[in-house]
Amino acid sequence: MIRKLLIANRGEIACRIIKTARRLGVATVAVYSDADADALHVQMADEAVRLGPPPAKASYLDMEKVIDAARQTGADAIHPGYGFLSENAEFCRACDRAGIVFVGPPAGAIEAMGSKSAAKRIMEEAGVPLVPGYHGTNQDVHILEGHANRIGYPVLLKAAAGGGGKGMRRVDSAEEFQDALAAAKREAMNAFGDDQMLLERYVVSPRHVEIQVFCDQQGKGVYLFERDCSVQRRHQKVVEEAPAPGLSEELRARMGEAALRAAHAIGYTGAGTVEFLLDASGAFYFMEMNTRLQVEHPVTEMITGQDLVAWQLAVAAGEPLPLGQDDLHILGHAFEVRIYAEDPDNDFLPATGTLVRHRPPKESESVRVDTGVQSGDEISVHYDPMIAKLICHGRSRKEALAKLDRALQEYQIAGVRHNIEFLRRVINHRAFASGRVSTHFIGDYEADILQQEQQLTPLKCAAIAGYLHMRETRDLRASAPAADPHSPWHSGDDWRPGIDARRVHSIDYRGHRAEIASVAGAGGVHWQCDALQSDCKSGEIRILPERELALVDGRRVSFSWVDTACGGAIFIDGIQVEFELLPPDIGESGDQAHGLEAPMNGTIIALLVAPGAQVEKDQPLLVMEAMKMEHTLRAPTAGKVQQFLCAEGELVDGGSLLIDFAEEE
Ligand code: MV4
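A quick note: this is a predicted structure, and the numbers were derived from the prediction, not measured.

Undergrad: Looking at this model, I keep getting lost on the overall build of the protein chain. Mind explaining?
TA: Along the backbone of the protein chain there are 17 helices and 40 strands. In summary, the protein chain has a C-alpha radius of gyration of 27 Å against a globular reference of 26 Å for 665 residues, a match within 12%. Counting only C-alpha atoms, the protein chain reaches 85 × 60 × 50 Å along its principal axes. Residue pairs in contact within the protein chain that sit at least 24 positions apart in sequence constitute 61% of those at least 6 positions apart.

Below you can see the structure in the form of structure tokens.
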């Protein structure tokens, strides 16, 4: 029995683990960096120990500090969550040495999955299907080319030390082989310090289907069915679902059994995930095994009714698996989407800033929100910019999808850019709704999915006019001296400021400037905006603030708002309108230094223009890599790159200025 659990992680996963521990009567210890001193996971835990300054290397990745924190607090087990130390065999061994239970597999199982080619040899022996290919140690060019010809083109070159799509290269013909191999080896050497390659037949338009497995210390194992995580963007998962659409019972059982053979082959215990590629013919191939609890585990919990963290704690304490294979059944369908602080309009650049509002939809049996942040928190450059995971369950795929879309409409986030609209376009796309998911989904439908609704609409104008009136009313009320008996605020009648006074506000909505005129009257606020593209350039909005409702031309809609640094964010009828208020005299919105700072800690990959260059708005200026992703910084306006304040290959801190940029006059 585990009595006190230290959670060596932060954010939503730390909070999620604490919830289960609390439910089971297990005491909890949080750890935190200085950036997280007031974070939700620290507030939720029974105790908390400071690790160090914000960079992960000095805090969440510092093994010694984490183990010391467990010793100090008398924790008898450590749950590593995902990321950070979760797949670090050395940390697992350090826990063993300290007499602390590591909630995860034995170190040997983590190591066995560390090298792709070694993992493949183990899987081959265990009878787990592999993509036809070559994973031997002989790396002679001619031997490799011989194997490529045997396998048949197209082939895929993969770095043995790689993962997550890094160091992969497709080769379409024998003529290209040698050049492609040389380039792939160079990339692999740069990225991993190891240029061993393996070859595989290229699987066309595959699906990513992964099996959740669980093994106890008595040698028993079960599979908790599959998750389809095919919808990804540059190897980052966007939507996950369970079960996989269209998978037959027979195929499900075969994949489940293959996954268990994989787990048993490496002496696995605890929660693990075996990833497969599934091709259009129904053939499946082992890709890799993740030796941790995964981000997307909640969809499995939703369709099985099980708490996987509770299972992990039981197995780690030496108890047998709570259920056998025949006790496990799929109930309905579940989706998860990852809500990120990022800017889909700007190459998904991670966004930072103060989360002035974080108001998730109401949770229920079928709507779950896993998050580690609250309104007022800072989304910083130091960690993964995930705000929350939204998980919805339904009796059918269609019902789950409908609930997910409703929940996304209710979700209110302001102050930092986020991907909610992007997610809604993905899940509402006809190809997604029909279940035709593949790893090419985002790429194939990019044009439909990335196109943003940039235009002001009558509803948005009504929202802005209504908001501005509310805000003015509030500000006037706040400035009225409370003690003034003559103030009209205390007269008790229907007096409102600004009635009959026409006001014109200049606003910036997604880079477009507009003037919105309004007059507040007894029936509400009458507005007019000549910049609208539609036929309807005026209307009326009446707000019932205490009920978060508005009447827009007589139609009742939800209405809520919050001030932001330069304007406001309004949530009306399931859409978000975030705008800036402009001083009446300036033409374009001033966005000076935006985007020219490092969005997070990372490495400069390439400077794309010469110092002194005259550039257009949105022209790419610099590429950096952060969190295993490449990000392009673009010119915020037309202007001149005075100089770069960084060099290629340099490590830069998030928030530091990278480019001295002068806007065009
Ligand atoms: C492949 C493949 C096609 N054929 N292997 C990408 C991540 C890495 N874990 C394996 N990946 C792939 N391996 C063969 N032989 C296509 C991918 C792939 C992919 C796989 C899963 C999810 C998304 C993907 C996106 C692009 C490519």
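Undergrad: Hey, could you run me through the site of the ligand in this one?
TA: Around the ligand sit 16 residues in total, of which Lys158, Glu200, Arg201, Val203 and Glu288 are the nearest. At a separation of 2.8 Å, a nitrogen atom of the ligand approaches a polar side-chain atom of Glu200. Note that a nitrogen atom of the ligand is positioned 3.2 Å from one of the side-chain N or O atoms of Glu288. The fraction of the free accessible surface of the ligand (520 Å²) that becomes covered by protein chains is 90%. Every element with two or more residues in the shell around the ligand is listed here: strand 7 (155–159), strand 9 (197–201) and strand 16 (284–290). Of the residues belonging to the shell around the ligand, the class tally is 7 nonpolar, 5 polar and 4 charged.

Undergrad: What am I meant to see in the pattern of salt bridges here?
TA: For side chains of opposite charge, pairing can occur when their charged atoms come near one another. This structure, assessed with the given rule, holds 44 salt bridges. Notably, a salt bridge pairs Glu241 with Arg397, separated by 2.8 Å at the nearest N-O pair. Highlighted residues: Glu241 in strand 14 (residues 239–242) and Arg397 in helix 12 (residues 397–410), separated in sequence by 156 residues. Each member of the pair, Glu241 as well as Arg397, carries the same accessibility label: buried. Ionic pairing is found between Arg430 and Asp448, a salt bridge with its closest N-O pair at 3.9 Å. With a gap of 18 residues between them, Arg430 in helix 14 (residues 430–433) and Asp448 in helix 16 (residues 446–450) connect regions that are remote in the sequence.

Undergrad: Got a minute to help me understand the packing of aromatic side chains in this structure?
TA: For any pair of aromatic rings, the description consists of the separation of the ring centres together with the inter-plane angle of the planes. Taken as a whole, this structure holds 12 aromatic pairs when the rule is applied. When the ring of Phe441 is compared with that of Tyr445, the centres are 5.1 Å apart and the planes differ by 55°; the resulting orientation is tilted. For Phe441, a relative accessible area of 1% corresponds to the buried category. Judged by centre distance (5.6 Å) and plane angle (80°), the ring pair of Tyr467 and Phe579 falls under edge-to-face. Of the two residues, Tyr467 is situated in helix 17 (residues 458–479) and Phe579 in strand 33 (residues 575–582); the sequence distance between them amounts to 112 residues. What makes Tyr467 buried here is its relative accessible area of 0%.

Undergrad: In this structure, what is going on with the sheet that holds strand 31 (residues 555–563)? I would like to understand it.
TA: Where strands meet in a sheet, backbone hydrogen bonds hold them as pairs that are either parallel or antiparallel. Strands sit in the order 26-27-28-29-30-31-32-33 around a closed barrel of 8 strands; the barrel is antiparallel. Averaged over neighbouring strand pairs, the angle between their axes works out to 35° when direction is ignored. Both strand 30 (residues 549–552) and strand 31 contribute to a ladder of 4 bridges, which runs antiparallel. The residue of strand 31 that forms the bridge with Ala550 is Val557. Its contacts with the sheet put helix 17 on strand 26 (502–509), strand 27 (512–521), strand 28 (524–528), strand 29 (538–544), strand 30, strand 31, strand 32 (567–572) and strand 33, and the angle it makes with strand 31 is roughly 55°.

Undergrad: Mind showing me how you'd approach the sheet that holds strand 39 (residues 651–652) here?
TA: With antiparallel pairing, the 4 strands of this open sheet are ordered in space as 37-36-34-39. Looking at which strands have only one partner, the edges of the open sheet turn out to be strand 37 (629–634) and strand 39. Relative to strand 36 (residues 620–626), strand 34 (residues 602–607) runs antiparallel, the two sharing 4 bridges. Following the sheet pairing, Ala606 is matched in strand 36 by Val623.

Undergrad: Explanation requested: the packing of helix 7 (residues 141–151) against helix 8 (residues 174–192) in the structure shown.
TA: When two helices pack together, their arrangement is captured by the angle between the axes and the distance separating the axes. Contact geometry of helix 7 with helix 8 gives a least axis separation of 10 Å together with a crossing angle of 135°. The angle between helix 7 and helix 8 places the two elements in the oblique class. Pair helix 7 / helix 8 crosses with right-handed handedness. Residues Val141, His142, Leu144, Glu145, Ala148 and Asn149 of helix 7 lie in contact with helix 8, whose contacting residues are Ala174, Phe177, Gln178 and Leu181. Grouping the amino acids of the contact of helix 7 with helix 8 by side-chain chemistry returns 6 nonpolar, 3 polar and 1 charged.

Undergrad: Even after reading the chapter, I still don't get the state of the cysteines, so can you show me in this structure?
TA: In a disulfide, the sulfur atoms of two cysteines are held together by a covalent bond. The tally for this structure, following the rule as stated, stands at 0 disulfides. Cys229 supplies the cysteine sulfur nearest to Cys392, a cysteine that is in no disulfide, at a spacing of 16 Å. By relative accessible area, Cys392 is classed as buried at 0%.

Undergrad: Would you mind showing me how to read the confidence of the model for the protein chain here?
TA: Any residue range with low pLDDT should be treated as having predicted coordinates unsuitable for detailed reading. Averaged over every residue, the pLDDT of the protein chain is 92; residues scoring 70 or more account for 95%. Within the model, the stretch residues 586–593 combines pLDDT values under 50 with 8 contacts to residues more than four positions away or in other chains.

Undergrad: Sorry if this is basic, but what is going on with the packing of helix 1 (residues 11–23) against helix 11 (residues 308–316) here?
TA: It is at 9 Å that the axes of helix 1 and helix 11 come closest, and there the two elements cross at 65°. Here helix 1 runs over helix 11; the crossing is right-handed. Residues Arg16, Ile17, Thr20 and Arg23 of helix 1 form the contact with helix 11, whose participating residues are Leu308, Val309 and Ala310.

Undergrad: Help me understand helix 1, please; the structure alone is not making it clear to me.
TA: Quick reminder: α-helices carry 3.6 residues per turn. Residues three or four places apart thus point the same way. Between its terminal C-alpha atoms helix 1 stretches 19 Å, which fits the 18 Å expected from 13 residues at 1.5 Å a residue. Across the 13 residues that make up helix 1, a large majority, 10, are buried. Those residues of helix 1 that sit buried are Gly11, Glu12, Ile13, Ala14, Cys15, Arg16, Ile17, Ile18, Thr20 and Ala21. With its phi angle positive at about 75°, Gly25 sits one or two positions after the end of helix 1.

Undergrad: What is the right way to read the nonpolar core from this model?
TA: In a soluble, globular protein the nonpolar side chains are often hidden away together inside. Among the nonpolar cores identified, the biggest contains 63 residues, and Leu5, Phe214, Phe276, Phe286 and Met289 are the most heavily contacted of them. Per element, the largest residue contribution to this core is 7 residues, and it comes from helix 9 (residues 249–265). In terms of nonpolar packing, the next biggest core, distinct from the first, is built from 37 residues, Val337, Leu408, Ile420 and Ile442 among them.

Undergrad: How should I be thinking about a negative patch on the surface in this particular structure?
TA: A cluster of acidic residues, Glu616, Glu663, Glu664 and Glu665, forms a negative patch at the surface. Relative to the helices and strands, Glu664 is located in the segment after strand 40 (659–663). Among the residues examined, Glu664 registers a relative accessible area of 46% and is labelled partly exposed.

Undergrad: It is not clear to me how the pairing of strand 16 should be interpreted in this structure. Could you clarify?
TA: In the case of a regular strand, side chains alternate between the two sheet surfaces. Counting buried positions along strand 16 yields 5 of 7 residues, so the element is predominantly enclosed. Pairing of strand 15 (residues 270–278) with strand 16, which is carried by 6 bridges, proceeds in the antiparallel orientation. The residue of strand 16 that forms the bridge with Leu278 is Phe284. Count of turn residues in the strand 15/strand 16 antiparallel hairpin: 5 residues, of which Gly282 carries a positive phi of about 95°.

Undergrad: Explain the side chain of Asn9 to me, please; I cannot follow it from the model alone.
TA: Among the structural elements, Asn9 can be located in the loop between strand 1 (4–7) and helix 1. A polar contact is formed between the side chain of Asn9 and the backbone oxygen of Pro80, at a distance of 2.8 Å. Apart from the residues lying within four places of it in its own chain, the contact partners of Asn9 are Ala14, Val31, His41, Tyr60, Pro80, Gly81, Tyr82 and Phe84.

Thresholds applied
Residues numbered from 1 in each chain as written. Predicted model: local features only at pLDDT ≥ 70, side-chain atom pairs only at ≥ 80, totals over all residues. Heavy atoms only, no water. Helix = DSSP H or I, 4+ residues; strand = E, 2+ residues; numbered from the N terminus. Rg over C-alpha atoms; globule rule 2.2 N^0.38 Å. Contact = heavy atoms within 4.5 Å. Near = heavy atom within 4 Å. Polar contact = N/O pair within 3.5 Å; in protein donor to acceptor, adjacent residues only side chain to side chain. Areas by Shrake-Rupley, 256 points an atom, 1.4 Å probe, with all protein chains shown as cover. Nonpolar A, V, L, I, M, F, W, Y, C, P; charged D, E, K, R; others polar. Salt bridge = Lys/Arg side-chain N within 4 Å of Asp/Glu carboxyl O. Buried < 20%, exposed > 50% of the residue type's maximum accessible area, 1.4 Å probe, protein only. Phe/Tyr/Trp six-rings, centres within 6.5 Å; stacked < 30°, edge-to-face > 60°. Pairing = 2+ DSSP bridges. Axes fitted to C-alpha atoms, helices over the stretch in contact; angles between N-to-C directions. Parallel < 35°, antiparallel > 145°, perpendicular 65-115°, else oblique. Left-handed = near helix turned anticlockwise from the far one by under 90°. Disulfide = S-S within 2.5 Å. pLDDT = per-residue confidence, 0-100. Expected span 1.5 Å × (residues − 1). Core = buried A, V, L, I, M, F, W, Y, C linked by side-chain atoms within 4.5 Å. Patch = residues over 30% accessible without salt bridge, like charges linked within 9 Å, V, L, I, M, F, W, Y side chains within 5 Å. Lys, Arg positive; Asp, Glu negative; His and termini not counted. Charge placed at Lys NZ, Arg CZ, Asp CG, Glu CD.

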